[in-house]
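# Geometric and topological summary
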Amino acid sequence: MYSKRFEKEAFKEEVKNNIKNLYRKTIEEATGRQIFQAVSLAVKETIIDYWLATQAEMEKEDPKTVYYMSMEFLMGRALGNNLINMTAYKEVKEALDEMGIDLNAVEDEEPDPALGNGGLGRLAACFLDSLATLGYPAYGCGIRYRYGMFKQKIENGYQVEVPDNWLKDGNPFEIRRDEYAKEVRFGGDVRIEYDPVTKRNNFIQENYSSVLAVPYDMPIIGYGNHVVNTLRIWDAEAITDFHLDAFNRGDYRHAVEQENLAKMIVDVLYPCDDHYAGKELRLKQQYFFISASLQALLVRYKKKHDDVRKLHEKVTIQMNDTHPTLAVAELMHLLIDQEGLEWDEAWDVTTKTVAYTNHTIMAEALEKWPVDLFSRLLPRIYQIIQEIDRRFIEQVRFRYPGDEGRVARMAIIRDGQVKMAHLAIVAGYSVNGVARLHTEILKHEELKDFYDMMPEKFNNKTNGITQRRFLMHGNPLLADWVTKRIGDGWITDLSQMSRLKKYVDDPKALAEFREIKYQNKLRLAEYIKKYNGIEVDPRSIFDVQVKRLHEYKRQFLNILHVMYLYNQIKDHPEMYFYPRTFIFGAKAAAGYVRAKETIKLINSVADVINNDKSINGKIKVVFIEDYRVSNAEIIFAAADVSEQISTASKEASGTGNMKFMLNGAPTLGTMDGANVEIVEEVGIENAFIFGLSSDEVINFENNGGYNPADIYFNDWDIKRVVDQLIDGTYSNGDREMYRDLYDSLVNTHGQERADRYFILKDFRSYADAQKRVEEAYKDREGWAKKALMNVACCGKFSSDRTIQEYVDDIWHLDHIKVDA
Ligand code: CGF
């Protein structure tokens, strides 16, 4: 254990010295941020030893390694998590206490590295945690964005995006690795030159621009096992020699272009989730990190092996969504043009090495690049994809003679576009969805043609989350209580949570469990008071919906229902009503107008309701600004109700749903994504399910038959709330402010159906489910049982389980063991 090696006095000395040497200050004089840096560097000292030991082990054992390629890693703060995984949290806390330093305050000084949008990026972070904890060799490969996900400010109810300069004071945990820098080339032309010696055509890229990719490594610490894997994120710099050359040649324009390219390429993370930006810079980002990662991977492999034809025996590459799919063509390019393999040999290696995870069926998320842009930016890569496409189409024609419709649907390049998902499926040796329902929809709807032709590739890997961050770190009260009751085995084996079931009928245990939730609600109430200036009652039901703002996630349904409840209370002040605090947290992509309108609506409703004294605080509405990993931990711990209300079939999996469950909040949701499996684990009696099924939604979408006007004109309560969007109730009399939201429910716009996300259709059944929540909550002990059952049944949703399935079914990795 690290903790055994932890020398309290030496650590304290190290912190003091760091402050002295870095800032020429004493502890008393140092700022909070400086103390954070000094503490982190002292912690890093220990990490480095284990990092070196892990590398040495990998050198020695040469295990098969996964390279997890992802445009996003939503890591969240590192310090606390590292201490937990080093099993040194309590010791370090104590040491700092003795120095008069509060570890929580130090943790709060750390910028929240937000190199990701939401679920997909956070999943990547959980996977890295689990890989290290299970002792599997892994590299995360991504981009070191200078600006991560924007910080959200709410001004006058509107979202305002503020740049997140997370690297301003430096990142104490990273290490720059100049020695592994790689050149990445863009644009230019490809000259074909016949080599009479090898009797092969050589493809030579000329007149290109290039940048230098410089890696920064971050340690990923396994829980209590000394394994330290690496997250390698790439920064871009201008190539100075080229730069000088260009000046000498007088090619000033080209030199400046390269300089600008380098500056821009890693500047910002595109803030779109479940949506495809289609921007040239995004394609450049993708190629940049893929090319650099693959070049580095091949160098590493070749240090020990001389036959690249066997790459797949030691390396597997997981493509996190289609964003890294250029890996297919880049690997082909490196194997053919650099390593001298024949096409068939290179294809054989590539198709045994790359695997693809699909995260969404949302049409607007599917990446398709215009051919002219693609071929201009990546001329050689485009040639390779053309050839892959040509050969693939031959196979489809052979398999389905005369079926040109199928050929058109399956082609990689069609209608002037390069379809990245098709490329990923054609080349990948595995294609997986992220929850059972999602995978079934992929197989039988979205990717049906591909499933028909290559069913063996398709498999499901239901997402998971790490209990180390989302319980141990986020909810220490509950974590300690669980350990007291069932021991600490759950930390690395979440299925052991099932042993809590025996406490469901133990009044003392239930009382303790309830008290912990109450304490966590107090903590969130303080946070809300501090950051929102709103007093909330910790005895009210904390009904929480936190996630990205997207129409399919239906925050709109939630707030319409709040408006409906408010009408009810106003109409019937005597009516029984259990006080409720509706808590929202969500960022909207900067250009997503309707999502931003929804944020404004939530804030306007909050303003009206929170300031209406006549309802005696029965409802409070809170929009938590800047929802991110660090405040998420506080929110999950305090939630009573977990709102997972996406239109069935649209949410591939969801992972917030699992974090709520782990923290003892029953799901109020549709049968969508992983909710289906949550209900299966916990029992329908411990969840609140409503709404259309995915089959019903898909049926309406394919065959029509739903007209929201039928509901609007026939259900008076619904009509009233919908009309309140345009009668000025929530807009100081402005009838236009929410016109677009109103229209989205009742008017068809060109291609867009009215109520595309079935909000009105599901409204009544949602309101009924909410009523059932209220009824159940009244029975305080009954509710605690439901909540505890959620904790007890959450074992399946550990990312440790997910990773083990990836290893068993897809990656087939070797274990590593690092001795202390
Ligand atoms: O990936 C998502 C999330 N929005 O990032 N998708 N993408 N792209 C899905 O919508 C979630 O349902 C899923 O849980 C997550 C991780 O797989």
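Computed from a predicted model, the values in this text were never measured in an experiment.

For the rest of this paragraph, the subject is helix α22 (residues 507-532). For α22, with 26 residues, the first-to-last C-alpha span of 36 Å sits near the 38 Å given by 1.5 Å per residue. Every buried residue of α22 is listed here: Ala-509, Leu-510, Phe-513, Ile-516, Lys-517, Asn-520, Lys-521, Leu-524, Ala-525, Tyr-527 and Ile-528.

This brings us to the domain arrangement of the protein. Once the domains are mapped, the protein shows domain 1 (1-61 + 78-111), domain 2 (62-76 + 112-463 + 805-811) and domain 3 (467-703 + 757-797). The straight-line distance from the C-alpha centre of domain 2 to that of domain 3 is 35 Å. Taken together, the contacts link 43 residues of domain 2 with 45 residues of domain 3. For the pair domain 2 and domain 3, the summed buried surface comes to about 3,400 Å²; carbon and sulfur atoms form 55% of the total. Broken down residue by residue, the surface that domain 2 buries against domain 3 is led by Gln-152, Tyr-223 and Leu-437, which jointly contribute 17%. Across the salt bridge formed by Arg-436 and Glu-680, the nearest N and O atoms sit 2.7 Å from each other.

What the rule picks out here adds up to 80 salt bridges. A salt bridge links Arg-539 to Asp-537, with the shortest nitrogen-to-oxygen separation between them at 3.2 Å. With a relative accessible area of 57%, Arg-539 lands in the exposed category. Asp-537 sits in the partly exposed class, given a relative accessible area of 29%. Linking Asp-717 and Arg-764 is a salt bridge whose minimum nitrogen-to-oxygen distance equals 2.8 Å. Of this pair, Asp-717 sits in helix α30 (residues 716-724) while Arg-764 sits in helix α32 (residues 759-778); the two residues are 47 residues apart in sequence, bridging distant segments of the chain. Residue Asp-717 is classed as partly exposed on the basis of its relative accessible area of 22%.

A two-sided burial pattern is seen for strand β12 (residues 354-357), the buried positions comprising Val-354 and Tyr-356 on one face and Ala-355 and Thr-357 on the other. Bridge count for strand β11 (residues 315-320) against β12 is 4 bridges, and the pairing is parallel. Bridged to Met-319 within β12 is Tyr-356.

In terms of residue burial, helix α31 (residues 739-746) counts as a mostly covered element, since 6 of its 8 residues are buried. Of all the residues in α31, the buried ones are Leu-741, Tyr-742, Asp-743, Ser-744, Leu-745 and Val-746.

Attention now goes to the packing of aromatic side chains. Aromatic ring pairs are described here by two measures, namely the spacing of the ring centres and the angle between the planes. For the structure shown, the criterion picks out 23 aromatic pairs. A centroid spacing of 6.3 Å and a plane angle of 5° characterise the contact between Phe-392 and Phe-450, whose relative ring orientation is stacked. Of the two residues, Phe-392 is situated in helix α15 (residues 379-399) and Phe-450 in helix α19 (residues 448-453); the sequence distance between them amounts to 58 residues. Phe-392 sits in the buried class, given a relative accessible area of 3%. Three or more aromatic residues link up through ring pairs in this structure, and these residues are Tyr-68, Phe-127, Tyr-806 and Trp-811. Against the face of Tyr-400 rests Arg-406, its NZ or CZ located 3.9 Å from the ring centre.

With that settled, consider the site of the ligand. Neighbouring the ligand are 14 residues, the closest being Leu-120, Asp-273, Asp-274, His-359 and Glu-651. One of the side-chain N or O atoms of Glu-651 is found 2.6 Å from an oxygen atom in the ligand. Within the backbone of Ser-653, an N or O atom sits 3.0 Å from an oxygen atom of the ligand. Classifying every residue of the shell around the ligand gives 5 nonpolar, 5 polar and 4 charged. Two domains each donate at least three residues to the shell around the ligand, and these are domain 2 (62-76 + 112-463 + 805-811) and domain 3 (467-703 + 757-797).

Taken together, the 6 strands give an open sheet; going across it, the order is β20-β19-β18-β21-β22-β23, and neighbouring strands pair in parallel fashion. Each edge of the open sheet is held by one strand with a lone partner, namely β20 (619-623) and β23 (688-689). Of the pairings in the sheet, the one linking strand β18 (residues 541-546) to strand β21 (residues 641-644) comprises 2 bridges and is parallel in character. In the strand pairing of β21, Val-544 is matched with Ser-642.

Structurally, the position occupied by Asp-273 is in the loop between α9 (252-265) and α10 (280-304). Residue classification places Asp-273 among the buried positions, given a relative accessible area of 14%. Counting along the chain gives 111 residues from Asp-273 to Val-162, while the straight-line C-alpha distance between them is 18 Å. Aside from chain neighbours lying at most four places away, what touches Asp-273 is Asn-117, Gly-118, Gly-119, Arg-548 and His-550.

Positionally, Ser-649 belongs in the loop between β21 and α26 (656-662). Assessed through its relative accessible area of 4%, Ser-649 is described here as buried.

Burial of β20 is extensive: 5 of the 5 residues sit out of reach of the surface. The alternating pattern of β20 places Ile-619, Val-621 and Phe-623 and Lys-620 and Val-622 on opposite faces, both of which are buried. Sheet topology places strand β19 (residues 580-585) next to β20; 5 bridges connect them, and they run parallel. When the bridges of β20 are listed, Phe-584 appears paired with Phe-623.

With respect to topology, 3 strands assemble into an open sheet ordered β13-β15-β14, the strand pairing being antiparallel. What marks the edges here is a single partner per strand, and that holds for β13 (368-370) and β14 (413-414). Here β13 runs beside strand β15 (residues 417-419); their pairing, made up of 3 bridges, is antiparallel. Looking at the pairing, Pro-370 lines up with Gln-417 of β15.

This part takes up the packing of helix α12 (residues 326-338) against α15. Packing of α12 against α15 brings their axes to within 9 Å, and their N-to-C directions diverge by 100°. Relative to α15, the element α12 is oriented roughly perpendicular. In this structure, α12 uses Leu-326, Val-328, Ala-329, Glu-330, Met-332, His-333, Ile-336 and Asp-337 to contact α15, whose residues at the interface are Arg-380, Ile-381, Ile-384, Ile-385 and Ile-388. For the contact of α12 with α15, a count of residues per class yields 9 nonpolar, 1 polar and 3 charged.

Counting residues in hydrophobic clusters, the biggest one holds 130 residues, and the most contacted among them are Phe-186, Phe-288, Ile-317, Phe-374 and Trp-811. At 12 residues, α10 tops the list of elements feeding residues into this core. The residues touching Ile-317, leaving out its near neighbours within four places in the chain, are Tyr-67, Met-69, Leu-294, Leu-297, Leu-331, Thr-353, Val-354 and Ala-355. Counting 89 residues, the second-largest nonpolar core is a separate cluster that includes Val-43, Leu-79, Tyr-527 and Cys-793.

What counts, and where the lines are drawn
Residues numbered from 1 in each chain as written. Predicted model: local features only at pLDDT ≥ 70, side-chain atom pairs only at ≥ 80, totals over all residues. Heavy atoms only, no water. Helix = DSSP H or I, 4+ residues; strand = E, 2+ residues; numbered from the N terminus. Expected span 1.5 Å × (residues − 1). Buried < 20%, exposed > 50% of the residue type's maximum accessible area, 1.4 Å probe, protein only. Domains from an automatic or database assignment. Contact = heavy atoms within 4.5 Å. Buried area = accessible area lost by both parts, 1.4 Å probe. Salt bridge = Lys/Arg side-chain N within 4 Å of Asp/Glu carboxyl O. Pairing = 2+ DSSP bridges. Phe/Tyr/Trp six-rings, centres within 6.5 Å; stacked < 30°, edge-to-face > 60°. Lys NZ or Arg CZ within 6 Å of the ring centre and 35° of its normal. Near = heavy atom within 4 Å. Polar contact = N/O pair within 3.5 Å; in protein donor to acceptor, adjacent residues only side chain to side chain. Nonpolar A, V, L, I, M, F, W, Y, C, P; charged D, E, K, R; others polar. Axes fitted to C-alpha atoms, helices over the stretch in contact; angles between N-to-C directions. Parallel < 35°, antiparallel > 145°, perpendicular 65-115°, else oblique. Core = buried A, V, L, I, M, F, W, Y, C linked by side-chain atoms within 4.5 Å.

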